[in-house]
Amino acid sequence: MNTRQLPNWHITRRLWIYAKICALILPMLLWGQTALAAATCTFNGTGAENFSFPGPISVPRDNSASMAPLSSWVTGEAATNIYTCTLSNSTKGGIGIKFPTMVQAGSYSEGGITYKVFNTSVTGVGIVYGFRIYSGGTYCEQSGGANGWNPWATGSGTIPYSDRWCDNIQSSSYSFGAQLKFRLIQTGRISAGTVPTFTMTFSALETDGAFSTGIGSRNYVIGPVTFQALSCTAVGADVIMDTAKKSDFASSTSVRTKPFQFTLQNCPAGMNSIKYQLDPIGTIISATDGTFQNATGTDMAKGVGLRITNEANTAPIRFGDASYVVSDYSPTSGNSNLPIKMNVSYYRTGSAAQVTGGKVRGTAQLTVFYL
């Protein structure tokens with residue numbers, strides 16, 4: 001059987017065509033690679049910056065001020081080179097500060113800036129933050145930016161990152177940094193406790209609008225701060241009243257007035273004021289007249305109650321009224337003993353003929369507000 005082989009020239013021709021096609025494709029691939037945007041960046045410095053508030057912070061126990069400062073601003077390092085980059089091929093490079101994911105409690109305005117207030121782990125304590133971004137390089141003034149420090153600002157919450165970047169028109173070196181500040185804000189009545197260490201926000205490298213922490217990120221860490229609720233020790237006393245006769249009520253509704261007092265001890269400085277409210281434990285006859293019924297029982301007098309008046313015995317103590325002020329309290333110095341003086345009298349609840357003999361007993365409760 002005869003076999004036929006292809007001539008050598010035919011094989012050579014096929015190989016030559018294959019080599020020529022490869023030569024045409026290779027330059028196209030190289031051209032596509034050199035057209036891509038390029039950024040070579042370095043993360044500089046430590047991964048955390050710590051912020052500490054002086055403490056403990058003392059707050060009146062019942063003060064419920066809303067959106068009021070609890071501390072001064074604590075300002076961090078003016079870092080100009082958190083990231084340094086070499087940008088080429090029209091790359092945009094910059095830095096972003098992440099908007100916190102904490103629950104918002106409201107807003108606080110100062111110096112023309114409205115800050116979002118974020119809840120901490122202690123009831124009534126919030127925190128705000130401000131920042132300014134540094135962008136340094138030949139084309140950092142493009143798109144409304146600044147070659148150097150940009151103005152102080154704060155996150156709006158409508159975008160994940162607050163950023164500043166530079167337009168690269170020709171290959172050049174750039175640096176990006178930030179400076180942050182924090183302040184504690186009262187959002188309501190504060191419970192005593194400690195806010196533990198937490199990370200408020202962090203930085204990210206921005207390249208052509210995309211944010212990444214891949215090469216590194218600076219975390220902005222709030223150190224622990226303790227809150228104390230300012231208050232006093234309240235001390236009451238038993239009042240032993242003088243004996244009265246039925247005939248004493250013939251010409252008067254209030255008889256046998258007896259002075260007594262509550263005492264506030266060891267009241268610390270730092271409160272704006274101390275107020276109090278008095279309420280009987282029992283049935284009120286008239287809250288505005290400070291009168292209430294006698295306790296009930298087989299051996300209790302009838303037709304007789306009790307009446308509470310001020311220190312001078314010229315006006316009733318109105319039950320449920322929290323506007324009474326402890327006038328002797330000093331916000332700037334210690335107050336070891338503060339008396340709250342009053343008077344108590346027997347009070348005829350009906351006619352004199354309705355009064356019967358027996359015991360008279362009542363209890364009044366003092367509620368103190370530290371503001």
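This one's a predicted model, so the numbers in the text were calculated from it and none came from an experiment.

A few points about the overall build of the protein chain
In terms of regular secondary structure, the protein chain is built from one helix and 27 strands. The buried share of the protein chain, taken over its 371 residues, is 40%. The long-range fraction of contacts in the protein chain, counting pairs at least 24 apart against all pairs at least 6 apart in sequence, stands at 80%. As presented, the protein chain carries roughly 19600 Å² of accessible surface, and 52% of it is formed by carbon and sulfur atoms.

Quick notes on the sheet that holds strand β3 (residues 57-60)
Strand order in the open sheet made by the three strands is β3-β18-β14, with mixed pairing throughout. Edge strands, defined here as strands with exactly one partner in the open sheet, are β3 and β14 (193-195). Averaged over neighbouring strand pairs, the angle between their axes works out to 30° when direction is ignored. Pairing of β14 with strand β18 (residues 225-230), which is carried by three bridges, proceeds in the antiparallel orientation. For Val 195, the partnering residue across the bridge sits in β18 and is Val 225.

Structural notes on the state of the cysteines
Put plainly, two cysteines are in a disulfide when a covalent bond ties their sulfur atoms together. Under the defined criterion, the tally for this structure stands at three disulfides. Residue Cys 41 pairs covalently with Cys 85 via a disulfide, S to S 2.1 Å. The chirality of the disulfide connecting Cys 41 with Cys 85 is right-handed, given an S-S dihedral of about 115°. In this pair, Cys 41 is assigned in strand β1 (residues 38-43) and Cys 85 in strand β6 (residues 79-88), connecting sequence segments 44 residues apart. Each member of the pair, Cys 41 as well as Cys 85, carries the same accessibility label: buried. Note on cysteine connectivity: Cys 232 is disulfide-linked to Cys 267, with sulfurs 2.1 Å apart. Taking the torsion about the sulfur-sulfur bond, which here is approximately 130°, the covalent link between Cys 232 and Cys 267 counts as right-handed. Placement of the pair is Cys 232 in the loop between β18 and β19 (233-235) and Cys 267 in strand β20 (residues 254-267), with a sequence separation of 35 residues.

Focus: the confidence of the model for the protein chain
In the predicted model, the protein chain carries a mean pLDDT of 89, and the fraction of residues at 70 or more is 89%. Considering only residues more than four positions removed or in separate chains, one finds that residues 1-35, a stretch of pLDDT under 50, has one contact.

What to know about the side chain of Ser 71
Secondary-structure assignment places Ser 71 in the loop between β4 (68-69) and β5 (74-75). Here the side chain of Ser 71 touches Leu 184 through a polar contact of 3.1 Å, landing on its backbone nitrogen. Residues contacting Ser 71, with those up to four places away along its chain left out, are Phe 53, Arg 183 and Leu 184.

With respect to the sheet that holds strand β23 (residues 291-293)
Here we have six strands laid out as an open sheet, ordered β19-β20-β26-β24-β23-β22, and antiparallel in their pairing. Strands with a single pairing partner mark the edges of an open sheet, and in this sheet they are β19 and β22 (284-286). Along the sheet, successive strands turn relative to each other by an average axial angle of 30°, direction set aside. In this sheet, β23 lies alongside β22 in antiparallel orientation, the contact comprising two bridges. Paired with Ile 284 across the two strands is Phe 292, which belongs to β23.

Details of the packing of aromatic side chains
Overall, the coordinates contain 14 aromatic pairs when judged by the stated rule. A ring pair is formed by Phe 43 and Tyr 83, whose centres lie 5.7 Å apart and whose planes are at 50°; its orientation type is tilted. A residue pair is termed long-range when its members are at least 10 positions apart, and Phe 43 in strand β1 and Tyr 83 in strand β6 qualify at 40 residues. Residues Phe 43 and Tyr 83 agree in their burial class; the two are buried. Their ring planes at 75° and their centres at 6.0 Å tell us that Phe 260 and Phe 262 sit as a pair that is edge-to-face. Site record: aromatic cluster; members linked through ring pairs are Phe 99, Phe 118, Tyr 129 and Phe 131.

Quick look at the pattern of salt bridges
Per the stated rule, a full pass over the model turns up nine salt bridges. Across the pair Glu 77 and Arg 218 runs a salt bridge whose closest N-O atoms are separated by 3.2 Å. Of this pair, Glu 77 sits in the loop between β5 and β6 while Arg 218 is found in the loop between β16 (210-212) and β17 (219-222), placing the two residues 141 residues apart along the sequence. Between Arg 256 and Asp 248 there is a salt bridge, with the nearest N and O atoms lying 3.0 Å from each other. With a relative accessible area of 34%, Arg 256 lands in the partly exposed category. Residues participating in the shared-partner salt-bridge network are Glu 49, Glu 77 and Arg 218.

Here is what the cut-offs are and how they apply
Residues numbered from 1 in each chain as written. Predicted model: local features only at pLDDT ≥ 70, side-chain atom pairs only at ≥ 80, totals over all residues. Heavy atoms only, no water. Helix = DSSP H or I, 4+ residues; strand = E, 2+ residues; numbered from the N terminus. Buried < 20%, exposed > 50% of the residue type's maximum accessible area, 1.4 Å probe, protein only. Contact = heavy atoms within 4.5 Å. Areas by Shrake-Rupley, 256 points an atom, 1.4 Å probe, with all protein chains shown as cover. Pairing = 2+ DSSP bridges. Axes fitted to C-alpha atoms, helices over the stretch in contact; angles between N-to-C directions. Disulfide = S-S within 2.5 Å. pLDDT = per-residue confidence, 0-100. Polar contact = N/O pair within 3.5 Å; in protein donor to acceptor, adjacent residues only side chain to side chain. Phe/Tyr/Trp six-rings, centres within 6.5 Å; stacked < 30°, edge-to-face > 60°. Salt bridge = Lys/Arg side-chain N within 4 Å of Asp/Glu carboxyl O.

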